Amino acid sequence: MENEKIIIIDFGSQYTQLIARRVREANVFSEIIPPGKKVKLDANIKGIILSGGPKSVYDKDSPRVNFDDLLNVPVLGICYGMQLMAENFNGNVMQSEKREYGKAILEVISDNPLFRDINKTSSVLMSHSDKVVTLPNGFKSIAISGNTDNAAIMCAEKNMYGIQFHPEVVHTEFGSKIIHNFLYDICNTKGNWNPSNFINNVIEDIRAFAPDGNVISGVSGGVDSTVASELVHRAIGSRMNGFMIDTGLLRKNEGKETIKTLRSLLDMSIEYIDESNLFLSNLNNISDPETKRKIIGKTFINVFEKAAGRVENVKYLVQGTIYPDRIESSSINGPSSTIKSHHNVGGLPERMHLKLIEPLKDLFKDEVRKVGKALNIPEELLKRHPFPGPGLAVRILGNIDRNNVNILQQADNIYISTIRKHGLYDDIWQAFAVFLPIRTVGVMGDNRTYENVIVLRAVTSVDGMTADWYDFPKQVLHETSTRIINEVNGVNRVVYDISTKPPSTIEWE
Ligand code: XMP
């Protein structure tokens, strides 16, 4: 099958990932590359999109692209991408008299394939301070707005289009339609990017990549590792060996329940390894968050390595890395800040000379869920809130012992089950309880108490990079706090965290 794709050159816009998602939502695969990377056109590349960016084309260190590399394929420049296009072909870009941020009215002034079937006037999102004032030879304006006569431009001969506004955001009324038109009317894509094609292709790729030898995978019950392991399992069957390591820092009963579901669901060999004693003793008297993470990571690798040593002829390791984990953003930003440093088995492939299988490396989280659904993995697993590798260790502030792990597990369990009971679980990106190692005064019956504090955290988010606290109905907080204080020994106070990210983080450590 033809693996058609659209290349998106990232000039540092906050919306670049959104462009990639919109293209994929239109069933065309897209890949983001930094501007420094040379584009080598091949038959699979059906078009190029140039993203927006924070720089001005006249800045000394503004990121560039060599348009000579792009000449045989349709190009759509968005905002900065359009200005770069105009400037490259000897048009003129200047600072606007006024910066234009927010909604504007776009008026289409000439029939063209990019705006096919959109209204003559519609609202669009603008976010720029420069504009194209003189068009290059061969280009013409196809739309105007209150602030510019060149809100959209095109050159039929070069098959190049430029738009000053952002079609990738929902505030642009016909944004998805414009992207759709670019893909299907201008780039002539067929639209073969969908979960079942993806699954078939990936299974073929895995079979070719790992024709013999055994494969190992750490399965946590999280969405990414479950979907990745199941894909590999479908590709190579019993050569796939799963391990679930219980660190003792999981949610209440989660280790045992997850392993039951996974075994019955996936029909895959998964060994359950309870090393909670080892993890807790290695963490004894450790209160610094980063040291906790390092100790957990190291212990995890040792346990995993020992377990993997029991499997013969191991050649490959599965990792549930997803696209946002590895996108190298444009050279102006350096590697994107979304790259996470906390892969639990980091370092293992080198030590054991293993090749990595990362079947989800091109997918966004919502795409992983769609693939999981097509693999018949139950929604209950796919919709699970993210859970950090170090688990409750970063939710117990200060030193960790069995007692405070117990207290936190009980409180967290009451909190999550109350959220589920009220049908709010799927509205929330992540909810959890935190144990504070400070004691406050309370009164129970006639007795004065002096016990610990539990914090409740719940946030909404798109990708975990920014977050807002969730506005619960009062009843849910009331019910949760009453139950925790009545039922969990050692807690006499419950507070709700109302901090956004940034400047706070989602986790407390
Ligand atoms: P923060 O606290 O940085 O969290 O706002 C953003 C997202 O990352 C998760 N997180 C982690 N995940 N290991 C992980 O696997 C970690 O050390 C870690 N720290 C934070 C956090 O739960 C949230 O989803």
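One can find the structure itself at the top, above this paragraph.
Residues numbered from 1 in each chain as written. Predicted model: local features only at pLDDT ≥ 70, side-chain atom pairs only at ≥ 80, totals over all residues. Heavy atoms only, no water.

Engineer: Mind showing me how you'd approach the site of the ligand here?
Structural biologist: Around the ligand, a shell composed of 12 residues is seen, among which Arg293, Gln430, Lys501, Ile506 and Glu507 lie nearest. One of the backbone nitrogen or oxygen atoms of Gly389 is found 2.8 Å away from an oxygen atom of the ligand. Within the side chain of Glu507, a nitrogen or oxygen atom sits 2.5 Å from an oxygen atom of the ligand. (Near = heavy atom within 4 Å. Polar contact = N/O pair within 3.5 Å; in protein donor to acceptor, adjacent residues only side chain to side chain.)

Engineer: Mind showing me how you'd approach the sheet that holds strand β14 (residues 355-357) here?
Structural biologist: Note: strands within a sheet are paired through backbone hydrogen bonds, in either parallel or antiparallel orientation. Spatially, 5 strands are ordered β12-β11-β10-β13-β14 in an open sheet, and the strand pairing comes out parallel. Where the open sheet ends on each side, the last strands, each with one partner, are β12 (269-274) and β14. For this sheet the average axis-to-axis angle between neighbouring strands, irrespective of direction, equals 30°. Contacts from helix α6 (residues 254-266) reach β11 (240-246) and β12, with the element oriented near 170° to β12. (Pairing = 2+ DSSP bridges. Helix = DSSP H or I, 4+ residues; strand = E, 2+ residues; numbered from the N terminus. Axes fitted to C-alpha atoms, helices over the stretch in contact; angles between N-to-C directions. Contact = heavy atoms within 4.5 Å.)

Engineer: Explain the packing of aromatic side chains here, please?
Structural biologist: Centre distance and the angle of the planes are the two values used to describe a pair of aromatic rings. Scanning the model with the defined rule gives 14 aromatic pairs in all. Considering the side-chain rings of Trp469 and Tyr496, the 6.4 Å spacing of their centres and the 80° angle between planes classify their relative orientation as edge-to-face. Residue Trp469 is found in strand β17 (residues 468-469), and its partner Tyr496 is found in strand β18 (residues 491-496); the two are separated by 27 residues along the sequence. Trp469 sits in the partly exposed class, given a relative accessible area of 31%. An aromatic cluster is defined as three or more aromatic residues linked by ring pairs; in this entry it consists of Tyr415, Trp469, Tyr470, Phe472 and Tyr496. We note Arg24 situated over the ring of Tyr323; from NZ or CZ to the ring centre the distance is 5.0 Å. Sitting over the face of the ring of Phe89, Lys158 holds its NZ or CZ atom 4.7 Å from the ring centroid. (Phe/Tyr/Trp six-rings, centres within 6.5 Å; stacked < 30°, edge-to-face > 60°. Buried < 20%, exposed > 50% of the residue type's maximum accessible area, 1.4 Å probe, protein only. Lys NZ or Arg CZ within 6 Å of the ring centre and 35° of its normal.)

Engineer: So what exactly am I meant to see when it comes to the state of the cysteines here?
Structural biologist: Disulfides are covalent bonds that connect the sulfur atoms of two cysteines. The full count for this structure, using the stated rule, is 0 disulfides. Cys79 carries a free sulfur, and the closest cysteine sulfur to it, the one in Cys187, is 20 Å from it. Assessed through its relative accessible area of 4%, Cys79 is described here as buried. Cys155 takes part in no disulfide bond, and the closest cysteine sulfur, belonging to Cys187, lies 15 Å away. (Disulfide = S-S within 2.5 Å.)

Engineer: What should I look at first to understand the pairing of β12 in this one?
Structural biologist: Across a regular strand the side chains alternate sides, sitting on one face of the sheet and then on the other. As defined by bridge partners, β11 adjoins β12 across 6 bridges and the pair is classed as parallel. By the bridge assignment for β12, Ile245 is matched with Ile273. The β-α-β motif built from β11, the intervening α6 and the parallel element β12 has right-handed crossover chirality. (Right-handed = clockwise from strand over helix to strand, strands pointing away.)

Engineer: I tried to follow the side chain of Glu4 on my own but got confused; where do I start?
Structural biologist: If you trace the backbone, Glu4 turns up in the segment before β1 (5-9). Within the buried core, Glu4 has no salt-bridge partner, and the shortest N-O distance to an opposite charge, that of Lys190, equals 5.0 Å. Among the polar contacts listed, one links the side chain of Glu4 to the backbone nitrogen of Lys190, at a separation of 2.9 Å. Each residue touching Glu4, except ones within four places of it in the same chain, is listed here: Val28, Phe29, Asn44, Lys46, Thr189, Lys190, Gly191 and Asn192. (Lys, Arg positive; Asp, Glu negative; His and termini not counted. Salt bridge = Lys/Arg side-chain N within 4 Å of Asp/Glu carboxyl O.)

Engineer: Please clarify how the sheet that holds β1 should be interpreted in this entry.
Structural biologist: Spatially, the 9 strands line up as an open sheet ordered β2-β1-β3-β4-β9-β8-β7-β5-β6, and their pairing is mixed. Each edge of the open sheet is held by one strand with a lone partner, namely β2 (29-33) and β6 (121-134). The mean inter-strand angle of the sheet, taken between neighbouring strand axes irrespective of direction, is 25°. Here strand β5 (residues 92-108) pairs with strand β7 (residues 140-145) via 2 bridges, running antiparallel. Residue pairing across strands places Glu107 opposite Ile144, the latter belonging to β7. Strand contacts of helix α1 (residues 16-25): β1, β2, β3 (45-50) and β4 (75-78), with the helix running at about 165° to β2, the strand carrying the most contacts. The strands touched by helix α2 (residues 80-88) within the sheet are β3, β4, β5, β6, β8 (148-155) and β9 (160-163), with β4 carrying the most contacts at an inclination of about 115°.

Engineer: Looking at this structure, I do not really get helix α4 (residues 195-209). What am I missing?
Structural biologist: Structurally, the α-helix is built with 3.6 residues per turn, so residues lying three or four positions apart point the same way. Given a rise of 1.5 Å per residue, 15 residues ought to cover 21 Å, and the 21 Å separating the end C-alpha atoms of α4 matches this to within 8%. Those residues of α4 that sit buried are Phe198, Ile199, Val202, Ile203 and Ile206. One side of α4 holds all its buried residues, which, seen down the axis, span an arc of 130°. Away from its buried face, by an angle of more than 90 degrees, α4 presents the exposed residues Glu204, Asp205 and Ala208. Residues of α4 that are buried in the fold lie against α5 (223-236), β14 and α11 (365-374). (Expected span 1.5 Å × (residues − 1). Arc of directions from axis to C-beta.)

Engineer: What exactly am I supposed to notice about the environment of Tyr161 here?
Structural biologist: Position of Tyr161 among the secondary structure elements: in strand β9. For Tyr161, a relative accessible area of 3% puts it in the buried group. As a C-alpha pair, Tyr161 and Thr500 span 339 residues in sequence and 39 Å in three-dimensional space. Discounting residues that sit within four places of it in the chain, Tyr161 has contacts with Val75, Leu76, Gly77, Met85, Pro113, Leu114, Ile142, Ile153, Met154 and Ile186.

Shape descriptors only; they carry no functional weight alone.
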